[in-house]
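Breakdown of the fold
Each chain, written out:
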Amino acid sequence: MATHQGALRIIATGRYVPDLVVTNDDLSHIVDTSDDWITSRTGISERRVAFLEATSDLASKAAEAAIRQGNFDKTQIDLIIVATFTPDLRSPSVASLVQMKLGLNHLNIIAFDINAACTGFVYALNIADKMLNSGAYHYALVIGAEVISKVTDYTDRNTCVLFGDGAGAMILCHDPQKVAYFNVASRGDGDQILYVDDTVHMDGQKVFQFAAKVFSETIQELLRMGRIIIETIKKIIPHQANLRIIQHAAKTLDVPMDRFFINIQKYGNTSAASIPIAFAELAENDELMSGDQVIFVGFGAGLTWGSCLLTL
Ligand code: UT7
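Reading guide: rules and limits
Each chain carries its own residue numbering, running from 1 in the written order of its sequence. Whole-chain, interface and lining totals are the exception, using all residues; otherwise, since this is a predicted model, local features are given only for residues with pLDDT of at least 70 and side-chain atom pairs are given and counted only at 80 or more. Each side-chain value is worked out from all heavy atoms of the structure, with water and hydrogens disregarded. Numbering of helices and strands starts at the N terminus; helices are DSSP runs of H or I of at least 4 residues and strands are runs of E of at least 2. Each radius of gyration reported is based on C-alpha atoms, and the globular scaling rule is 2.2 Å times the count of residues to the power 0.38. Relative accessibility under 20% of the residue-type maximum defines a buried residue, over 50% an exposed one, and the middle range a partly exposed one, all with a 1.4 Å probe and only protein chains included. Note on contacts: a residue pair is in contact if any heavy atoms of the two residues lie within 4.5 Å. Here a residue counts as near a molecule or strand whenever at least one of its heavy atoms sits within 4 Å of it. We define a polar contact as two N or O atoms separated by no more than 3.5 Å, with the added condition that, inside protein, one atom must be a possible hydrogen donor and the other a possible acceptor, whereas residues neighbouring each other in sequence contribute only through side-chain atom pairs. Where accessible areas are quoted, they stem from the Shrake-Rupley method and a 1.4 Å probe; at the residue level, only the protein chains shown are allowed to cover. In this classification, Asp, Glu, Lys and Arg are treated as charged, Ala, Val, Leu, Ile, Met, Phe, Trp, Tyr, Cys and Pro as nonpolar, and every other residue, Gly included, as polar. Annotation comment: domain bounds sourced from an automatic or database domain assignment. Every axis in this analysis is a line fitted to C-alpha atoms, fitted for helices over the stretch in contact. Angles between the N-to-C directions lie between 0 and 180 degrees. By the definition adopted for this analysis, an angle is roughly parallel if under 35 degrees, roughly antiparallel if over 145, roughly perpendicular if from 65 to 115, and oblique otherwise. With the far helix as reference, a near helix turned anticlockwise by less than a right angle produces a left-handed crossing, and one turned clockwise produces a right-handed crossing. Patch membership needs two things, relative accessible area over 30% and no salt bridge, and members are linked within 9 Å if like-charged or within 5 Å if nonpolar (Val, Leu, Ile, Met, Phe, Trp, Tyr). A pair is scored as a salt bridge if a Lys or Arg side-chain nitrogen falls within 4 Å of a carboxyl oxygen belonging to Asp or Glu. A pair of strands is treated as paired once DSSP finds two or more bridges between them. Note: buried area is the sum, over both parts, of the accessible area (probe 1.4 Å) each one loses when the two are combined.

The subject of this paragraph is the overall build of the protein. For the protein, the count of helices and strands is 10 helices and 12 strands. For 312 residues, the compact-globule estimate of 2.2 N^0.38 gives 20 Å, and the C-alpha radius of gyration of the protein, at 18 Å, lies within 12% of that figure. In the protein, which comprises 312 residues, the share counted as buried stands at 58%. Long-range contacts, defined here as pairs at least 24 residues apart, represent 78% of the contacts in the protein between residues at least 6 apart.

Before going further, it helps to examine the site of the ligand. Taken together, 23 residues form the shell around the ligand, and within it T33, Q205, H239, N242 and N269 come nearest. Between the ligand and Q205, the relevant distance is 2.5 Å, taken from an oxygen atom to a side-chain nitrogen or oxygen of the residue. One of the side-chain N or O atoms of N242 is found 2.7 Å from an oxygen atom in the ligand. Here the ligand, which alone exposes 960 Å², has 75% of that area covered by the protein. Broken down by secondary-structure element, the contributors of at least two residues to the shell around the ligand are helix 2 (35-42), helix 6 (157-160), helix 7 (204-226) and helix 8 (243-253). Residue classes in the shell around the ligand are distributed as 11 nonpolar, eight polar and four charged. No fewer than three residues from each of domain 1 (7-175) and domain 2 (177-311) sit in the shell around the ligand.

This part covers the packing of helix 7 against helix 8. Across the interface, helix 7 lies against helix 8 with an axial gap of 9 Å and an inter-helix angle of 40 degrees. On the basis of their axis angle, the class for helix 7 and helix 8 is oblique. As helix 7 runs across helix 8, the sense of the crossing is right-handed. Each of F208, A211, A212, F215, S216, I219 and Q220 in helix 7 lies in contact with helix 8, whose residues at this interface are R244, I245, I246, H248, A249, T252 and L253. Partitioning the contact of helix 7 with helix 8 into residue classes produces nine nonpolar, four polar and one charged.

We now examine a nonpolar patch on the surface. A cluster of nonpolar residues, L20, F51 and L52, forms a patch on the protein surface that exposes about 400 Å² of accessible area. Topologically, L52 is positioned in the loop between strand 3 (46-48) and helix 3 (55-69). Assessed through its relative accessible area of 76%, L52 is described here as exposed.

Walk down a regular strand and you will see the side chains alternate between the two sheet faces. Neither face of strand 10 (residues 235-238) is left uncovered, since the one carrying K235 and I237 and the one carrying I236 and P238 both have all their residues buried. Relative to strand 11 (residues 293-300), strand 10 runs parallel, the two sharing four bridges. Bridge pairing in strand 11 places K235 opposite V294.

Domain boundaries assigned for the protein yield domain 1 (7-175) and domain 2 (177-311). Taking the mean C-alpha position of each, domain 1 and domain 2 sit 16 Å from one another. Contacts between the two partners involve 51 residues from domain 1 and, on the opposite side, 46 residues from domain 2. If you sort the residues of domain 1 by the area they bury against domain 2, R15, C118 and V122 come out on top, with a joint share of 17%. Among the salt bridges present, the one from E284 reaches R15, with a minimum N-O distance of 2.9 Å. Where domain 1 packs against domain 2, one counts 22 residue pairs in polar contact (both at pLDDT 80 or more). Of all elements in the fold, only strand 1 (2-16), helix 2, strand 3, helix 5 (120-133), strand 6 (140-146) and strand 7 (166-186) reach the threshold of two or more residues within the side of domain 1 that touches domain 2.

Set out below in structure tokens:
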């Protein structure tokens, strides 16, 4: 597990979820499940499903929300990274489509996608930090965006109740005052536990065990490197995969549940989009102040996992 220091300032955040709400009761008409089972095992009550929108549409709308929120001159963006495992097409990348949809075609921009499944946004921030730190790029637009409904098998109750569609975006720049720490990792031999061909396949219990273990370990690595005690962390914004995984981590880390930001009940698991959607929502609630430290933590297919600590 590589742990290293960075320096990253969040300039603005935004999110977008499709209008269509699919409740647990709706799903109980499609597969043999119930609101009680889904809520008690996962914490999910409903999720959003993209109907006529593609991943790049969701990503662009989240980016536009961030641009509006920060009143940011979008022509300054010179780096676009989209974390996704559900791109519109194999090529071009969602990031290139976002460049086009934002009307930034004429600018000198580097745009590409990365796929680290549900850890994608943490990986993308890590990459953005290094590219911004090099001095070659100045303003990054980093997006997590997924339309998981298009790879969901709606006859498989083990998986179809878990996922949702959405996108979250951040605009960032290098800032030596804003200390960051990153801890990211991958284990390629977990490829049969969670994978996506035409649809998502998952051994839920094995993923649960893996997530419950790495969630607290990766955070402890960050804290060790930064010589920080967890009590000083304002909020932990985890990948929203299962409420019980977060409860397990809270117990292991000995942190009260109210220090975790949770919105899984509304959106389900939106993979690479879950952390930036959650952070944008938290920022909208006006609970954050300059100087606060927050931790993002993700885990998913690969197996991949990682966390980062950012100073606001
Ligand atoms: O973002 C990527 C990371 N993914 C995750 O973090 C997911 C991690 N895993 C999980 O969240 C949980 O393992 C699940 C929510 C997927 C499943 O919960 P579980 O407590 O591990 O249930 P289980 O797989 O052990 O299944 C228990 C029972 C089984 O029935 P039997 O064999 O005991 O009769 C399943 O067939 O629940 C049944 N079941 C369902 N019943 C009603 C599985 N899915 C459903 C369902 N509705 N949707």
